[in-house]
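Take a look at the letters that make up each chain.
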Amino acid sequence: MTTVSIDINTFDYISELVRKKSAIVLEKSKGYLVESRLAPVAREFGFATLEVLVAELRKPNSQPLVQKVVDAMTTNETSFFRDLHPFQALKSTIFPDLLARRSRERTLNIWSNACSSGQEIYTIAMSIKEHFPELLSWKLRLMGSDLSNKILEKAKGGIFSQTEVNRGLPMQLLMKYFSKEGIHWRISEEIRKLVEFRELNLIEPFPSTLQKMDVVFLRNVLIYFSPETKTSILNKVHSSLAKDGYLFLGGAETTMNLNVKFEKQLIGSAVCYRPI
């Protein structure tokens, strides 16, 4: 049986690799996290130790293994209707506002960044279907993006475990928009076809073809970055957001003390940010 352990040199190499590829900052205290996340990768490739894994990473043409490591170190935590307040704000205020403002062009673009396995953008799609079906006749773009191609494949498939659908998804929506397949649940084609997914690294330049977004969700990802990287990402989001658009961050995230042009706005119990 293989065993996996980590020393300081191995940790330093992994943390620098992850920082370069994703800008995620791994503190020295996170050695246990690196070990627990990469142990399965080492075993999958038959490496007895993480030092052997790092030796392979140093070789030319190791990009597939590099991607595996970066994917493993990316936190893919999400749920349906996570932290309910932003979705309540969409229903009560934001969608009615945008319906009025965009009535002439009849175009609406919504972007879920670091979307993981897709629950957030699928939640938005179901909310539109339930409460604003008139938007379905518009030019509607619901996009989810993530750094990890592996997690995007899961998102595109729209198949979720019992545990995943139990987390935040109301029973009536489960019954209406999902079908049971063995021990899993598959989201309906009418919802799945509303959503597109694409691979995107937040620290790289955004695609020049990216349309102006009306609503951007960038939740629970900035916490992993340095202040400089947070500022860079938020400035790119600002450029991608319509002048009257809405940005949602995670509950523990803020634009405070960052050189960015957003102002905080409270909608009910939800905090959002508007470009200035």
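Above this note sits the structure.
Residues numbered from 1 in each chain as written. Predicted model: local features only at pLDDT ≥ 70, side-chain atom pairs only at ≥ 80, totals over all residues. Heavy atoms only, no water.

1. Some remarks on the sheet that holds strand 5 (residues 184-187)
Next up, step 1: Read across the open sheet, the three strands follow the order 3-5-4; overall the sheet is antiparallel. Edge strands, defined here as strands with exactly one partner in the open sheet, are strand 3 (159-161) and strand 4 (178-181). In this sheet, adjacent strand axes meet at a mean angle of 35° when their direction is disregarded.
Next up, step 2: With three bridges joining them, strand 3 and strand 5 adopt antiparallel strand pairing. Within the sheet, the bridge partner assigned to F160 lies in strand 5 and is W185. (Pairing = 2+ DSSP bridges. Helix = DSSP H or I, 4+ residues; strand = E, 2+ residues; numbered from the N terminus. Axes fitted to C-alpha atoms, helices over the stretch in contact; angles between N-to-C directions.)

2. Quick word on helix 11 (residues 227-240)
Next up, step 1: Over its 14 residues, helix 11 extends 20 Å from the first C-alpha to the last, a length consistent with the 20 Å expected when each residue adds 1.5 Å.
Next up, step 2: The inward-facing, buried residues of helix 11 contact strand 1 (107-112), strand 7 (213-218), strand 8 (241-249) and strand 9 (262-267). (Expected span 1.5 Å × (residues − 1). Contact = heavy atoms within 4.5 Å.)

3. A short note on helix 6 (residues 119-131)
Next up, step 1: Between its terminal C-alpha atoms helix 6 stretches 18 Å, which fits the 18 Å expected from 13 residues at 1.5 Å a residue.
Next up, step 2: Here helix 6 lies mainly inside the structure; ten of its 13 residues are buried.
Next up, step 3: Looking at helix 6, one finds that the buried residues are Q119, E120, I121, Y122, T123, I124, A125, M126, S127 and I128. (Buried < 20%, exposed > 50% of the residue type's maximum accessible area, 1.4 Å probe, protein only.)

4. With respect to the nonpolar core
Next up, step 1: Grouped together as the largest cluster of nonpolar side chains are 46 residues, with contacts concentrated most on L38, L53, L218, L234 and L247.
Next up, step 2: Put simply, the parts of the chain that give this core at least two residues each are helix 1 (8-22), helix 2 (31-44), helix 3 (50-57), helix 4 (63-73), strand 7, helix 11 and strand 8.
Next up, step 3: The biggest single contributor to this core is helix 4, with six residues.
Next up, step 4: Those residues in contact with L218 that sit more than four places away from it in its chain are N113, L202, I233, L234, V237, L247, F248, L249, G250 and E253. (Core = buried A, V, L, I, M, F, W, Y, C linked by side-chain atoms within 4.5 Å.)

5. So, unusual backbone geometry
Next up, step 1: The phi dihedral of D83 falls on the positive side, at around 50°, and the residue is not glycine.
Next up, step 2: Mapped onto the fold, D83 is located in the loop between helix 4 and helix 5 (85-101).
Next up, step 3: Of note in the backbone geometry, A114 takes a positive phi value of approximately 50° without being a glycine.
Next up, step 4: Locating A114 in the fold gives a position in the loop between strand 1 and helix 6.

6. Section: the side chain of S117
Next up, step 1: When you line up the elements, S117 lands in the loop between strand 1 and helix 6.
Next up, step 2: For S117, a relative accessible area of 4% corresponds to the buried category.
Next up, step 3: Dropping the residues within four chain positions of it, S117 is found in contact with T78, Y122, I151, K154, A155, F160 and E164.

7. Quick notes on the pattern of salt bridges
Next up, step 1: Tallied over the entire structure, the rule returns 16 salt bridges.
Next up, step 2: One salt bridge connects E16 with R19, and the closest N-O pair in it is separated by 2.6 Å. One end of the pair, E16, and the other, R19, are both in helix 1, three residues apart, so they sit about a helical turn from each other.
Next up, step 3: A salt bridge links E44 to K68; the shortest N-O distance between them is 2.9 Å. In this pair, E44 sits in helix 2 while K68 sits in helix 4, placing the two residues 24 residues apart along the sequence.
Next up, step 4: Taking the relative accessible area as the measure of exposure, K68 reaches 29% and is therefore partly exposed.
Next up, step 5: One salt-bridge network, in which partners are shared between bridges, spans D97, R101, R102, D214 and D244. (Salt bridge = Lys/Arg side-chain N within 4 Å of Asp/Glu carboxyl O.)

Any functional reading would require information that these geometric values do not contain.
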